[in-house]
Amino acid sequence: MSDLNQDQWFTEVFDSHGSAFALKISEKLLDVQSDYQHLEVYATETYGNLMVLDGCVMLTDRDNFLYHEMIAHPALFTHEDPKRVVIIGGGDCGTLKEVLRHEGVEKVTQIDIDEEVTKASRRFFPALVESNDDPRAELVFADGVKWVDEAADESIDVLIIDSTDPVGPAEGLFKTDFLKRCHRILKPGGVLVQQSESPLYHSSSIIRELRGDMLAAGFQSVATLPFPQPVYPSGWWSVTLAGKGVSVERFREEAAADHEMPLQYYTVDAHRGALALPPFMRAAFA
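Residues numbered from 1 in each chain as written. Predicted model: local features only at pLDDT ≥ 70, side-chain atom pairs only at ≥ 80, totals over all residues. Heavy atoms only, no water.

Novice: Residues and numbers for the overall build of the chain, please.
Specialist: When helices and strands are tallied, the chain shows nine helices and 13 strands. Taken over the C-alpha trace, the chain has a radius of gyration of 18 Å; the compact-globule value for 286 residues is 19 Å, and the two agree within 12%. Overall size of the chain, expressed as C-alpha extent along the three principal axes, is 55 × 45 × 35 Å. The proportion of buried residues among the 286 residues of the chain is 55%. Summed over all atoms, the accessible surface of the chain reaches about 12,100 Å², with 47% contributed by carbon and sulfur. Averaging the coordinates of the 25 positive side-chain charges in the chain and doing the same for the 46 negative ones gives two points 5 Å apart. (Helix = DSSP H or I, 4+ residues; strand = E, 2+ residues; numbered from the N terminus. Rg over C-alpha atoms; globule rule 2.2 N^0.38 Å. Buried < 20%, exposed > 50% of the residue type's maximum accessible area, 1.4 Å probe, protein only. Areas by Shrake-Rupley, 256 points an atom, 1.4 Å probe, with all protein chains shown as cover. Lys, Arg positive; Asp, Glu negative; His and termini not counted. Charge placed at Lys NZ, Arg CZ, Asp CG, Glu CD.)

Novice: Can you tell me about the nonpolar core, naming the residues and giving the values?
Specialist: Counting 45 residues, the largest nonpolar core has Val 85, Val 99, Val 108, Ile 160 and Leu 241 as the members making the most contacts within it. With seven residues, the top contributor of residues to this core is helix α1 (residues 64–78). If near-sequence neighbours (up to four positions away) are discounted, Val 99 is found in contact with Ala 72, Leu 76, Val 85, Ile 87, Val 105, Val 108 and Ile 160. If you look at the next biggest cluster of nonpolar residues, it comprises 20 residues, including Val 86, Val 148, Leu 192 and Val 222. (Core = buried A, V, L, I, M, F, W, Y, C linked by side-chain atoms within 4.5 Å. Contact = heavy atoms within 4.5 Å.)

Novice: Got a sec to walk through α1? Specific residues and values, please.
Specialist: In a regular helix each residue adds 1.5 Å, so 15 residues correspond to 21 Å; α1 covers 22 Å between its end C-alpha atoms and thus fits that length. Residue Met 70 marks the point of greatest curvature in α1, where the axis turns by about 25°; the proline Pro 74 follows within four residues. Counting buried positions along α1 yields 15 of 15 residues, so the element is predominantly enclosed. (Expected span 1.5 Å × (residues − 1). Bend = angle between axes of the 7 residues up to and from the residue.)

Novice: Tell me about the side chain of Ser 19, and name the residues and values.
Specialist: Among the structural elements, Ser 19 can be located in strand β3 (residues 19–33). A relative accessible area of 18% places Ser 19 in the buried class. Beyond its immediate stretch of four places on either side in the chain, Ser 19 contacts Glu 12, Val 13, Phe 14 and Tyr 201.

What follows is the structure, encoded as structure tokens:
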């Protein structure tokens with residue numbers, strides 16, 4: 001739930017955990033009801049522009065690099081040689097931009113059900129869409145679940161599930177049945193990565209269940225990587241990787257250390273550190 005009070009603070013309240021996050025805003029820039037969700041964009045005083053979907057903070061100019069780098073680069077450096085990448089969701093195009101930094105990637109297809117998100121990103125978050133015209137990029141506006149169903153067996157190297165919370169249009173992306181379909185289209189040695197909510201709030205629920213569902217879907221290994229994300233519930237977020245016949249607890253450390261991409265958070269040390277889970281998370285997954 002969210003609110004905009006008379007003092008011009010946008011507040012997202014997390015009733016289930018008795019907490020909230022707020023940003024002081026100066027102007028509402030966009031208010032659109034798409035066929036799928038309510039989309040708003042605000043100008044804030046200290047975080048740049050803010051995108052909100054159905055009352056939930058999606059991203060800001062100031063800190064989106066944390067999420068976009070951590071959902072993209074750990075998976076790409078875990079895969080031995082990623083050529084064909086698919087993004088389900090990700091309509092703001094920030095993840096697409098990060099994937100395209102990898103010169104060895106030959107094609108990236110992004111499938112998002114709601115074109116209004118990409119339109120808003122083009123208008124209000126231009127830095128996120130600066131790689132959209134890359135000839136390796138393909139943008140598809142369609143149902144991601146249906147797209148996966150129609151994809152060929154063992155045709156993808158890395159599959160990125162860049163979804164919103166597991167409610168509404170994104171709910172089906174967290175289910176075992178969908179993960180089995182993802183497993184089918186990944187090549188041997190393929191890597192799946194999915195945003196997996198807050199380590200502090202969801203380790204014993206959503207994250208634990210997702211890890212179990214990934215293994216039940218046929219993946220041989222899973223790894224959850226936490227990282228800071230100030231604008232999301234608890235200020236701490238995670239992605240969970242799953243490997244098809246490959247361990248996702250190891251990655252190409254030399255390549256991750258030697259790259260020349262202009263990143264702001266991801267490093268080989270950040271990747272190593274994220275794999276070293278704190279005791280409370282290990283206990284939740286035991």
